[in-house]
Every structure is written in structure tokens, then in C-alpha cells.
Amino acid sequence: MAESSPTSTKARKNRIQSIEHDPPIMSSSISSLTEEIRCSICLEVFTDPVTTPCGHNFCKICLNKCWNNSQTCSCPYCKETFKQRPDLKINTPLRELVDHYKKKSPEKTAEVLCDVCEERKLKALKSCLVCQSSYCETHLEPHLRVTGLKKHKLMDPVSNLEDYICQKHERPLDLFCRDDQTCVCSICIVKDHKNHNTVPIEEESEQNKSELMKTQKDVQQTIQNRIKKIQDIKHSAEVRKRNTVKEKAARVELFTDLIRSIERCQTELLEMMEEQRKAAEKQEQELIEELEQEITELKMRNTELEQLSHTEDHLHLLQIHSSLCSPRNTRNWPEISMKTHESLETLRRALNQLKDTIDDKLTQTELKWMQQYAVDVTLDPDTAHPDLILSDDGKQVRDGDIRQKLPDKPERFDTCPCVLGKERFSSGRFYFEVQMKGKTKWDLGVARESINRKGTITARPSDGQWTVWLRNGDEYKACEEPRVSLSLRVKPQRVGVFVDYEEGLVSFYDVESSSHIYSFTAQSFTEKLYPLFSPCTNDGGKNSSPLIITSVNYNK
């Protein structure tokens, strides 16, 4: 009876050494062994491998079961039939190889087997720390019945029982030393850990479980927060993508209109220039013809004068002298030159008009583009100065000349008649419009969240305000450092405010005339920004009209 497989013992030992001492090729070595150490009956790694006379290997229990259910004994692999049932013995070299395979294989065995079973080992139900063995349901029965064994410490089955045993005293590690933060046995607390704070390992484990559950809860919350953050980022990216497409389409449409307007103006100018050219050429030709005619006449007169200067006919000379010496009716050439200059001046004015038209079209295009970022702004009553009266819908504010009894909240202005919008912005672009018809003074713009609300406030960027104002009915200024006087062609009745947070831009536009008023550029925003409004004082009824937040009429 052969006791080894066709693979020699020496070759198997070499494979074992390769697994143990050659980590770089361990994975490939294990992979190459997989088929060689797998039973062809149960298709699992061998358990107690045996070898048939024909040289094929099987699990002992698998082969016995196969032969027990058959009248003949044949090899399940090559079908060779044996006259007598072979006496099967464990193939020790192969079992050694299998044990090393299981130890070194990256795949972990899912279940612990009973240490008592002799034939096919069954799954262990419990491990005993005192016996240092694992038992299936059948072999565990004495521990549940016998009084002495019932005192043994049982636990869920583990393959590494030695890790649960005190290596010094060979007793179960059933206590925990909180002073040294280590597991100990009952003898350890009498000797090495005497007078230490020790508790049953189950008690410490439960406390640790509680802490772990709390940590797990924190981790789960963190995971949820991260998932939400990812969702927010994806949502922002999707919104930005949609807005980019929308913005591109809007820009194309607006600039297409602008190009068409410029082309129309250019065509009109070219036609005007062509008409001016033709008129100038016609005038030049007429002037040349008149000059040539006048030259011809002057030459004839010169000849006549030359002849008369030598004549002896004194009577005739006296008779025509007055006619020859009198001034001739000729063209006023300075006047003609002035008319040419007037034509050039007309052309220059046309060019300037074209430039103004293009500038207006550019501003209109720019304003239309900004209006697509319109937001719905509502006044925040908690920030309003006590003298200010807000409409119920939060869209209008005026000075009431009477201080109202309102709670002195930290966010409320107490000296300057200002109010902020409820909406706050910390990124992107936004735009809103305000009507100030009939007012003689007002302030309008944006302010950062930390702006001072108490006492006298200086309106300037360094103090967190980016505003323009009107004073005395016609004095417009941008609240820079120092103030910048603004020269406006018309008095704005509705002003649009545009903010690009990342670009550090705050721009103001006269909506009705589509003209640019002023821009704060290259600013650095680090806080949330709020729309800021001030209708200023009532001024004896002269400035009683309200500031009104209006809806944006954006024609897409």
C-alpha cells in the first residue's frame, strides 16, 4: 500500500520551505498547490488525506463514504477497481503540506472544527478555555452535563485558543487589569497584579462595547456627513453644469443681438460714409469745373488786358477801363472749405454716435447677463433701525420719523437708518433691483455679516460696506476711500446691484437707461454678504418715498 502521493516527499518539503521562506512567491506557490491539495469528491482542501493504490488522493471520510455506498472499491478519479478494500492510512507528508497551506493561505478558514472528532471533523460549537479544545455539539455534551466540566469557561469557537490562555500560568485570561491595561488570569492578580484594579473581562468588554458603540455611532454619523457632502458636491456640480449651459446659451443670445446691432450700425455708418464720399466727389468735380471755367475766363481777360496795355486807341481804352478793372463775381472759396469741414464734422459725429451706440449695447448686454442671477430679496425686520417702517411683504422700507419700541437685538442698527436683507451669500453671483423714485437721498449696496450695527458707521469697504449713495437730490457718490463723485447723465429711478463673490466685484447699474453707474473691483470677500438698504431720514417729508425691492424683468 502506497503511503505517499506520486509527488515525492522531498518535493513536498521543498514546496513547504518555499511557502515559509520565500514570501515574494508565496501567493503563486499557494495558487499552484490549490488543485494538488483539493479533494476531487468534496472539492475542498484535504481533511486527513489518504492515497489509493493507484496514486490518487482523497479525504479519508469522503473516500470511505464513497466505498460504503458501493459494492466495489474503485478509484473515484481513474475508476481503477481494487479486488480488496485497501487499508487506508493518513498520507502524513501531504497532510503536513495541507496544514502549511492552511496556515499560510491568505484565505481564512470560515469555521472552527471539533478537536475530538476522528473521522470527518464537524463544526465546533464552543471552545473551552480550561480544556483548551473546541467541541462539536456531540462532544460538548459532557461540559453541559458533568458538574466539574460545567464550571469550565466556554466561549464561541476560535482557532487561536492559545491567545486566550495565560502563557505564564496556563489559566484562562478571564480578568482585566485596568492599571496595566492588559488581560490577566486568576493567578496573575495574586502575584504580578496584586492590589491592582481588576475586573471580570466581561465587565470590561461591556464597557468597551459601550464606548465602541458610541464611537461607531460617531463614525456612522461622520459617514453620513461625508455622504451628504458628496451629494452636495455632486448637486452643486450638476447645478453649476446646468447653469453653465444656461449661461452659455444666454451669452450667445445676448452677444448675437449685440453683434447684429453693431452690424446694423456699421452698415448705416458705411452707407452714410458712402453718401458723404459721393457727395464730396460730386462737389469736388463741380469745384474743379468751376475753377477751370474761372481760369479760362481769367486767361482771356489777361490777354485782353495785355493787348489794351499797348493800344493807341485812347478813347476805346477809357470806355472799357471801368469794366475791365471792376471785380468779377467768383466763388467764395473759404465758404466752400467751411462746408467741407462741416461734412467731416458730421462724419465725426456719426462715428461718435456709433461708439456711444456700441457702448450702450455692450452695457445692455452686460446688464442682461447679470439679470439672470436675480435673487428674491426680503428685508430682515430684526436688523431694521427703530425709525424705519417695513412693509408687510418685506419689500419696502421708509423712514417714519418716529422711533418705535423694538427689542435692542445685537443685529439691529441703532444709529444709522439701515436694514439688511434676510438672504445671505457666501459664493457665486447674485443680482437684485431697487426702485428709488421720488427720493432725494438713499444708500444702497451690500455689507458683510460682521458689520458694526451700533453707533456711527463709516460706509467704506474696509469697514465691510460696498455702497453708493445719493445726497441733496443730485449728488451721487461711491463710498470708496476717499469718496468718488459720480457724474450721471440721468437720475436713476431703479438701480440694479450685481455681486460676483469669487471675483470680488460689486457693480451698480441704472436699469432704465441700461447704463453703468460704478463698480468696486478686486475686493476680497471672506464672510457672508447681505444686501444693505438705507432710505435715509424723512427730511421733513422731502424724502418720504420708500425704497422698493422690485422683481427683475429679465427677457431671456
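Up top is the structure.
Residues numbered from 1 in each chain as written. Predicted model: local features only at pLDDT ≥ 70, side-chain atom pairs only at ≥ 80, totals over all residues. Heavy atoms only, no water.

Engineer: I tried to follow the packing of aromatic side chains on my own but got confused; where do I start?
Structural biologist: Two aromatic rings are characterised by how far apart their centres lie and by the angle between their planes. All chains considered together, the criterion is met by 11 aromatic pairs. Aromatic side chains Tyr373 and Phe498 sit 6.2 Å apart centroid to centroid with 55 degrees between the ring planes, which places their arrangement in the tilted category. Taken together, the residues span a long stretch of sequence, with Tyr373 in the loop between α9 (333-371) and β11 (388-390) and Phe498 in strand β19 (residues 494-500) at a distance of 125 residues. Note on accessibility: Tyr373 and Phe498 belong to one class, buried. Ring plane angle 10 degrees and centroid distance 3.9 Å describe the contact between Phe425 and Phe430, whose orientation is recorded as stacked. Here the two residues Phe425 and Phe430 agree in accessibility, since each one is buried. Through a chain of ring-to-ring contacts, three or more aromatic side chains come together here, namely Trp369, Tyr373 and Phe498. The ring centre of Trp469 lies 4.1 Å from the NZ or CZ of Arg471, which sits over that ring. (Phe/Tyr/Trp six-rings, centres within 6.5 Å; stacked < 30°, edge-to-face > 60°. Helix = DSSP H or I, 4+ residues; strand = E, 2+ residues; numbered from the N terminus. Buried < 20%, exposed > 50% of the residue type's maximum accessible area, 1.4 Å probe, protein only. Lys NZ or Arg CZ within 6 Å of the ring centre and 35° of its normal.)

Engineer: Where do I start with the pairing of strand β23 (residues 547-550) in this structure?
Structural biologist: The side chains of a regular strand alternate, first on one face of the sheet and then on the other. Of the two faces of β23, the one lined by Leu547 and Ile549 and the one lined by Ile548 and Thr550 are each fully buried. When strand β12 (residues 396-399) meets β23, the two strands line up antiparallel, connected through two bridges. Considered in β23, the bridge of Gln396 is made with Ile548. As paired strands, strand β14 (residues 429-435) and β23 are joined by three bridges and run antiparallel to one another. Its bridge partner being in β23, Gln435 is matched across the sheet by Ile548. (Pairing = 2+ DSSP bridges.)

Engineer: Any chance you could explain the nonpolar core here in plain terms?
Structural biologist: Soluble globular proteins tend to pack their nonpolar side chains together in the buried interior. Within the largest apolar cluster, 34 residues are counted, with the highest numbers of intra-cluster contacts made by Phe432, Trp442, Leu444, Val506, Phe508 and Phe533. Excluding residues that lie within four positions of it along the chain, Val506 makes contacts with Val446, Trp466, Val497, Phe498, Val499, Tyr518, Ser519, Phe520 and Phe525. (Core = buried A, V, L, I, M, F, W, Y, C linked by side-chain atoms within 4.5 Å. Contact = heavy atoms within 4.5 Å.)

Engineer: Mind showing me how you'd approach the sheet that holds strand β13 (residues 419-420) here?
Structural biologist: Whenever strands of a sheet pair, they do so through backbone hydrogen bonds, lying parallel or antiparallel. Read from one edge of the open sheet, six strands run β13-β22-β15-β16-β17-β18, paired in antiparallel fashion. Whereas interior strands pair on both sides, the edge strands pair on one side only; in this sheet they are β13 and β18 (484-486).

Engineer: In this structure, what is going on with a nonpolar patch on the surface? I would like to understand it.
Structural biologist: A contiguous nonpolar surface patch, about 230 Å² in accessible area, is contributed by Val219, Ile223 and Ile227. Examined against the element boundaries, Ile223 turns out to sit in helix α7 (residues 201-308). For Ile223, a relative accessible area of 42% puts it in the partly exposed group. (Patch = residues over 30% accessible without salt bridge, like charges linked within 9 Å, V, L, I, M, F, W, Y side chains within 5 Å. Areas by Shrake-Rupley, 256 points an atom, 1.4 Å probe, with all protein chains shown as cover. Salt bridge = Lys/Arg side-chain N within 4 Å of Asp/Glu carboxyl O.)

Engineer: What is the right way to read the pairing of strand β22 (residues 529-534) from this model?
Structural biologist: Extensive coverage of β22 is indicated by the burial of six of its six residues. Across the two faces of β22 the burial is the same, with Leu529, Pro531 and Phe533 and Tyr530, Leu532 and Ser534 all buried. Where strand β15 (residues 442-448) and β22 come together, six bridges link them in antiparallel fashion. By the bridge assignment for β22, Arg448 is matched with Leu529.

Engineer: What exactly am I supposed to notice about unusual backbone geometry here?
Structural biologist: Leave glycine aside and you will find that most residues have negative phi; peptide bonds, for their part, are mostly trans. With an omega of 0 degrees, the peptide bond running from Glu481 to Pro482 counts as cis. Within the secondary structure, Pro482 is located in the loop between β17 (475-478) and β18. Of note, the phi angle at Asn195 is positive, near 65 degrees, even though the residue is not glycine. Note on placement: Asn195 falls in the loop between β9 (182-184) and β10 (198-200). In this structure Asn195 comes out as exposed when scored by relative accessible area, which is 75%. A positive phi angle, close to 60 degrees, is found at Asn472, a residue other than glycine. Locating Asn472 in the fold gives a position in the loop between β16 (465-471) and β17.

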